Number of protein chains: 2
Amino acid sequence: MRKVIPQWLDTRRHSLAHIMAQAVLEKRPDAKLGFGPATEDGFYYDFLFATPLTSDELPAIEARMRQIVREDEVFQRGDLAVDEAVAQLEAMGQEFKVEYCRELAAAGNATIRLYRSGDFVDMCEGPHVERTSVIPDDSFALDSIAGAYWRGDESRPMLTRIYGLAFETREELEAFKARRELAKQRDHRKLGKELDIFHISDQVGQGLALWLPNGAVLIDELEKLAKEMEFRDGYVPVRTPHISKSRLYLTSGHLPYYKESMYPPMQLEGEDDYYLKPMNCPHHHIIYASRPRSYRDLPLRLTEYGAVYRYEQSGELAGLLRVRGMWMNDAHLYCTPDQVKAEFIKVLELHRFYYSLFRITDFWVRLSLGDPTSKKFAGSMDSWETTEDMARKALIDAGFPFEEVRGEAAFYGPKVDHQMSNVVGREETASTTQLDLVMPERFGLTFIGPDGLEHRPIIIHRAPLGTHERFVAFLLEHLGGVFPTWLSPVQVRVLPVSEGQQAYGQRVVDALRDTLLRATLDASSESLNKRIRAAEVHKIPNMLVVGKREEADGTVTWRRKGHRLQVTLPLDRYVAALQETIARRLMDNFEDVEVPGFAAG
Amino acid sequence: MRKVIPQWLDTRRHSLAHIMAQAVLEKRPDAKLGFGPATEDGFYYDFLFATPLTSDELPAIEARMRQIVREDEVFQRGDLAVDEAVAQLEAMGQEFKVEYCRELAAAGNATIRLYRSGDFVDMCEGPHVERTSVIPDDSFALDSIAGAYWRGDESRPMLTRIYGLAFETREELEAFKARRELAKQRDHRKLGKELDIFHISDQVGQGLALWLPNGAVLIDELEKLAKEMEFRDGYVPVRTPHISKSRLYLTSGHLPYYKESMYPPMQLEGEDDYYLKPMNCPHHHIIYASRPRSYRDLPLRLTEYGAVYRYEQSGELAGLLRVRGMWMNDAHLYCTPDQVKAEFIKVLELHRFYYSLFRITDFWVRLSLGDPTSKKFAGSMDSWETTEDMARKALIDAGFPFEEVRGEAAFYGPKVDHQMSNVVGREETASTTQLDLVMPERFGLTFIGPDGLEHRPIIIHRAPLGTHERFVAFLLEHLGGVFPTWLSPVQVRVLPVSEGQQAYGQRVVDALRDTLLRATLDASSESLNKRIRAAEVHKIPNMLVVGKREEADGTVTWRRKGHRLQVTLPLDRYVAALQETIARRLMDNFEDVEVPGFAAG
């Protein structure tokens, strides 16, 4: 669930910033102080040093901080008249503080608050802990040094920022460090490179991922999964162009509501402008409208694994998490009003199925509502109230706990955002489901009801796997790059014990590939142990070792990544076992999953 | 094979145009003559009439033509001085002929040729048949009437064009008419609408097909087939964005060589322009170049079922045959020079496999070469000679007869064009395979050879299923919209005999859909015969009739489209039989194909 930092922890962290500044000033009395706030996982303070500080000096500062904490100093507050405060800060030689103090005065502050702890005095609004001893002396640590401009302004001096970590207890501090180390190891950009998943090229453009063969296998398998689930739920596929004339987006309202997120137009003489599509919806509405629809045709569930393009600011681009081109597992469900709730619940349940399949347990739901006071939203108050109420009721009936947030909806309707935490506990929107009464109106969509009259359908927009880019980034980090067999770019590596079994090894590979299993042979001259280690490093889930005995018996010896047990069985039985594992999409990368055919013989 | 019209047939057709004009003038002596040439399947003549001619008058004209033919008139040639010719044509009141005669004189012609047959005199270069009786009087027929501007100029008078058909014999004439009728019935635009395959919308743009659910199933199944075949041949998948910065196309040379076929740029301040991709190749080259390659990594076969966009002139757009957005079964094979021939032959054999699978027998091969005198082609003479020779040798070794055409290559290398005839005998380029030494140079692509030195790979570009748009158009016409089970949008329709079996019918549908078969229920209140006819009209390959006996026995009674035989068998045996048919991709829409499980019990 969503993490909220308690006020008392924030206070502690801020007090630790003071304690750090006190320790620093004892060693560097001429240091000029910038700002020193609490952060999400600790605190920092900015300093201007006459001679640079190196990270070698941090342990001594940290040690002194522990001492101060143990000395149980008291935080004392005092309010001074502005002139008095300026005089005192000038006397201390703290020019940045003086500057800020004068600014506050100019803004109308009559008094300035100072805090004293031990010998250290700082201009500060507080609050602080009463005494330093409430902070366990092992619950914090100095972390790193970085450069930061005074007040973030490139024309002002560059200060030295010292970061610290602080939590309630030592255990929590250690847990945070471990999680951070794990996140570093599992960073999707790092794993994406190591495992040949994707490549971003300056010749093609920022935020535009090229999916390398291993990454393309992931998208292919996820697409296959999505198509299968959607077939079972009665969806029908469509494919639509990646561009459209501007008039489509004038109809939908993407022009102007969404213009700033769109690539600029392609301009032709004597013809409409063309735009890259930022969403698949308008094209799907055109398909809906391409012929008359009856209530008997509804719900019509159009699905497309489509690529869309959004012009995000370059500063916001980050690996696969924030991109400009993305593949979406998108669908639009055109329903009669009577059908909406049941369909919406089925969509929510499909989410639940995916989370359970991928063993994503840390997720929750946010209902993002419109804001009647904002011009960001299209359509009438009434339609908004209707759809918001429908979404709320569906969530309650489906048994999803949720929180409501006003003003975060799509421009055409309320959203149910599925939020999840990644390995470092960072919250992300994995996917959104929307209810839409606005587009049916804008596109003039209708169906003939049992009464023989025209009615408006209601549209559900959904993309439970979100964008492929974001979902693969999440999966890479969630699984540390260790994919189950059904998703793995290489599913089986065949390892002949020695040169004599290379031909048999190749026959095994051919037999596996003939049933469309992604198998490769490692017939290099390295030792068997080295080749096993290489397969482990490449996170290949299954290894088949074939020696003289295996060749004579027509068997294979099966090792699984991360397992000590190995099993020898006839090749055809192995193929059958693996095909079953794949067909059932078993998460055989998790230890507790029982895998067909893999048991001590 | 390619159709060539023999000169003698062309001459006959042209003579028939004169004979028609003679017959028309006898009935309408004041008609003014335009031009009257031979065409690909007959002839036409343009006339200006004082009062409009209707198609009701054609039978009488045709009858008179047969008479003239039988009267055995002689075609006589005479060359006149220009003045004399003008005087004679003026006397005849043929103002268009006078205009053209004066034009020829202005261009330097001293004499003008006239032809006389019977009472009819026409200014004409010939040649003509000697006597009209060499033309069988049942080998031609008048066809239709259309309007046509004099000399195609909208500011000149609108003439009446009368079209005729003419072949060697009556049998050939009838065969042509039958083929044309078939083509009309099978026109992919007509079938595409009737079978809900695709939709083109003016809001989205001309030449940009939206694939409706039934069409999306076709593309999905073709993609699955292609991916399977390519997996077996060692290809690896990639996915690349649909746009790129301009610098990519400056590197590849698409700017400027291919600029006129590209959509205009998306222009951003302070950033490169972005372009929609007209081809997948440059993106694939970036993937090749994304890390060092060794000879051990080659051949590297990158495949992508990618959408590309080309700005064709709007006048050239026609249904799915000429479009602006297209899905391509594209791949690029990066080879060492030693590997090229074998890989090229394997690609040609893949073509052969597809043609045989789809029962396409009327195809042939054209080797399109560069032209050293033209600026349309990039790269050095040497590389062109090398690649042209490689392609030629591969074609010979693979046993493909071919013809060579100079100047029709891609700008970066020679092409092997796979041509085929459609149901009306129209020749089409189904796909092309290219050999490329130019792009490796332009992109600086290398691999490290066994000698430890850098070498240039050679690239094979191939897309054996061509564009999805063109291939589906071809298949629709080739198969008349009757798809085999594995391709059919609806594979099985379940028909309960009466209301009492609706629940059992639904259970049968559920069981089929559970194994991912595309099955639907027709439980409407229409009679069984009517529902069977409806399934036939929708070209659904399999019908399962379920009555009381079937429900009691857990069986289904299986009818196949276009077959009189029906077979009753247990549901599970039916599912197994159909799954086998699909797995083997049997063309069970052809009569001679033996279908598992379908035999008199």
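Residues numbered from 1 in each chain as written. Chains lettered and ligands numbered in written order. Predicted model: local features only at pLDDT ≥ 70, side-chain atom pairs only at ≥ 80, totals over all residues. Heavy atoms only, no water.

**As for the layout of surface pockets**
Residues and elements named next belong to chain B. Operational definition: For each structure, a 1 Å grid was placed over the protein atoms alone; sets of points admitting a 1.4 Å probe that cannot get out are labelled cavities, open sets with protein on both sides within 12 Å along at least five of seven lines are labelled pockets, and lining residues have an atom within 4 Å of a point. Grid points are joined across faces, edges and corners, and a volume is the space filled by probe spheres set on the points. Numbering goes from the N terminus for both helices and strands, where a helix is a DSSP run of H or I of at least four residues and a strand is a run of E of at least two. Throughout, the ten residues Ala, Val, Leu, Ile, Met, Phe, Trp, Tyr, Cys and Pro are labelled nonpolar, Asp, Glu, Lys and Arg are labelled charged, and all others, Gly among them, are labelled polar.
Here the second largest pocket is characterised by a volume of approximately 1500 Å³. Taken together, 48 residues make up the lining of the second largest pocket; nearest its centre are Y258, R310, E312, R322 and K415. Counting only elements with at least two residues in the lining of the second largest pocket, the list comes to α9 (254-257), β14 (325-335), β18 (427-436) and β21 (458-462). With seven residues, β18 is the single largest residue contributor to the lining of the second largest pocket. Class assignment for the residues of the lining of the second largest pocket results in 19 nonpolar, twelve polar and 17 charged.

**As for helix α5 (residues 170-186) of chain A**
Residues and elements named next belong to chain A. Definition in use: Each residue after the first adds 1.5 Å to the expected span of a helix. The rule is simple: take the accessible area with a 1.4 Å probe, protein chains only, and divide by the maximum for that residue type; under 20% is buried, over 50% is exposed, in between is partly exposed. This arc is taken over the directions from the axis of the helix to the C-beta atoms. Between two residues, a contact is recorded if the distance between any of their heavy atoms is within 4.5 Å.
Its 17 residues place the ends of α5 24 Å apart at the C-alpha level, agreeing with the 24 Å of an ideal helix rising 1.5 Å per residue. When we look at burial in α5, the residues that qualify are L173, F176 and A183. Buried residues of α5, seen end-on, are gathered within an arc of 85° and therefore sit on one face of the element. In the core, the buried residues of α5 are packed alongside β6 (140-149) and β7 (158-166).

**Considering the packing of helix α3 (residues 82-91) of chain B against helix α4 (residues 95-106) of chain B**
The packing of two helices is summarised by the inter-axis angle and the distance between the axes. Residue and element names in this part refer to chain B. We apply this condition: Note on definitions: angles span 0 to 180 degrees between N-to-C directions of axes, and those axes are lines fitted to C-alpha atoms, for helices only across the stretch in contact. Comment on the angle field: the value is read as roughly parallel under 35 degrees, roughly antiparallel over 145, roughly perpendicular from 65 to 115, and oblique elsewhere.
Look at α3 against α4: their axes get within 9 Å of each other, and the N-to-C directions meet at 170°. Considered as vectors, α3 and α4 are oriented roughly antiparallel to each other. Packed against α3, whose contacting residues are V82, A85, V86, L89 and E90, the element α4 presents K97, V98, C101, R102 and A105 at the interface.

**Let's talk about the sheet that holds strand β18 (residues 427-436) of chain A**
All names here are of chain A. For clarity, the threshold we go by: For two strands to pair, DSSP has to find at least two bridges joining them.
Within the open sheet, the eight strands sit side by side as β10-β13-β14-β21-β18-β17-β15-β16. Their pairing is mixed. Only two strands of the sheet have a single neighbouring strand rather than two, namely β10 (236-237) and β16 (402-406). In this sheet, β18 lies alongside strand β17 (residues 415-421) in antiparallel orientation, the contact comprising seven bridges. Residue pairing for β18: D417 is matched across the bridge by T432. Of the strands in this sheet, β13 (300-309), β14 (325-335) and β21 (458-462) are in contact with helix α7 (residues 213-232), which crosses β13 at around 160°.

**With respect to the sheet that holds strand β7 (residues 158-166) of chain B**
Residues and elements named next belong to chain B. Taken together, four strands build an open sheet; the order of strands is β1-β2-β7-β6 and the sheet is antiparallel. Looking along the sheet, the strands with just one partner apiece sit at the ends: β1 (32-33) and β6 (140-149). Bridge count between β1 and strand β2 (residues 42-48): two bridges; the pairing is antiparallel. Counterpart to K32 in the pairing with β2 is L48.

**Observations regarding the confidence of the model for chain A**
Quick reminder of the rule: Residue-level confidence of the predictor is summarised by pLDDT, bounded by 0 at the bottom and 100 at the top.
Per-chain confidence: chain A averages 93 in pLDDT, with 99% of residues scoring 70 or above. Taken over the whole predicted complex, pTM reads 0.88, whereas the ipTM for its chain interfaces reads 0.88.

**Focus on the interface of chain A and chain B**
The condition is simple: In short, buried area is how much 1.4 Å probe accessible area vanishes from two parts on joining, totalled over both. Salt bridge criterion: a side-chain nitrogen from Lys or Arg within 4 Å of a carboxyl oxygen from Asp or Glu. Under the rule applied, a polar contact is a pair of N or O atoms within 3.5 Å (in protein, one hydrogen donor and one hydrogen acceptor; residues adjacent in sequence only if both atoms are side-chain atoms).
Between chain A and chain B, the residue contacts involve 62 residues of the former and 62 residues of the latter. Taking both sides of the interface into account, the surface hidden between chain A and chain B amounts to around 5600 Å²; carbon and sulfur atoms contribute 61%. Remark: the boundary between chain A and chain B carries 16 salt bridges. Put simply, A:R291 and B:D196 hold a salt bridge, and the shortest N to O gap is 2.6 Å. There are 31 residue pairs in polar contact (both at pLDDT 80 or more) connecting chain A and chain B. For the side of chain A that touches chain B, the element with the highest residue contribution is α7(A), accounting for ten residues. For the side of chain A that touches chain B, the per-class residue count stands at 33 nonpolar, 13 polar and 16 charged.

**Describing the pattern of salt bridges**
Residues and elements named next belong to chain A. Inspection of every chain in the model, using the stated rule, returns 99 salt bridges over all chains. R28 is paired through a salt bridge with E57; the nearest N and O atoms lie 3.1 Å apart. You can see R28 sitting in the loop between α1 (7-27) and β1 (32-33) and its partner E57 sitting in the loop between β2 (42-48) and α2 (58-70), a full 29 residues away along the chain. For R28, a relative accessible area of 14% gives the class buried. Judged by relative accessible area, which is 27%, E57 ranks as partly exposed. Two residues, E221 and K224, come together in a salt bridge whose shortest N-O distance is 3.6 Å. Of this pair, E221 and K224 both sit in helix α7, three residues apart, which is roughly one turn of the helix. On the basis of relative accessible area, E221 is assigned to the buried category, the value being 9%.

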